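Residue-level structural notes
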Amino acid sequence: MKLLQASEEQLRQHYRDLREKPFYGGLIKYMSSGPIVAMVWQGLDVVKTARKMLGETNPADSLPGTIRGDYCIEECDSRQ
């Protein structure tokens, strides 16, 4: 786990699968607006487990006990 400021190029590479989505530009702008916590996770079913821990993308739909359910106040509007 590492706190860092991701460059726009790093973010464009990381989110390359989303480049055709209408929110892509806003996502890159938002993610480059401050530091991020970068992590490498490994293990059996790690993506499935991580998604359960994080909660739904919309914090209002996230269950208590998930990161978003416990700590997110509002959904980021990446269209700004």
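These remarks concern the structure in this document. (Residues numbered from 1 in each chain as written. Predicted model: local features only at pLDDT ≥ 70, side-chain atom pairs only at ≥ 80, totals over all residues. Heavy atoms only, no water.)

A separate point is the side chain of Ser-62. With respect to the helices and strands, the residue Ser-62 is situated in the loop between α3 (46-54) and α4 (67-71). With relative accessibility at 11%, the residue Ser-62 sits in the buried group. A distance of 2.9 Å separates a polar atom in the side chain of Ser-62 from the backbone oxygen of Glu-56. Not counting residues within four places of it along the chain, the set of residues in contact with Ser-62 comprises Gly-55, Glu-56, Arg-68 and Gly-69. (Helix = DSSP H or I, 4+ residues; strand = E, 2+ residues; numbered from the N terminus. Buried < 20%, exposed > 50% of the residue type's maximum accessible area, 1.4 Å probe, protein only. Polar contact = N/O pair within 3.5 Å; in protein donor to acceptor, adjacent residues only side chain to side chain. Contact = heavy atoms within 4.5 Å.)

Core analysis: the largest hydrophobic core is formed by 8 residues, namely Ala-6, Leu-11, Tyr-15, Tyr-24, Leu-27, Ile-28, Met-31 and Ile-36. The biggest single contributor to this core is helix α2 (residues 24-31), with 4 residues. Here Tyr-24 is in contact with Arg-12, Tyr-15, Leu-18 and Arg-19, once residues within four sequence places are set aside. (Core = buried A, V, L, I, M, F, W, Y, C linked by side-chain atoms within 4.5 Å.)

All buried positions along α2 are accounted for by Tyr-24, Gly-26, Leu-27, Ile-28 and Met-31. Looking at the buried residues of α2, the elements they touch are α1 (8-14) and β2 (36-38).

Judged by side-chain polarity, Met-1, Leu-3, Val-37, Met-39, Trp-41, Met-53, Ile-67 and Tyr-71 come together as a nonpolar surface patch covering roughly 930 Å² of accessible area. Mapped onto the secondary structure, Val-37 falls in strand β2. Given the relative accessible area of 47%, Val-37 is considered partly exposed. (Patch = residues over 30% accessible without salt bridge, like charges linked within 9 Å, V, L, I, M, F, W, Y side chains within 5 Å. Areas by Shrake-Rupley, 256 points an atom, 1.4 Å probe, with all protein chains shown as cover. Salt bridge = Lys/Arg side-chain N within 4 Å of Asp/Glu carboxyl O.)

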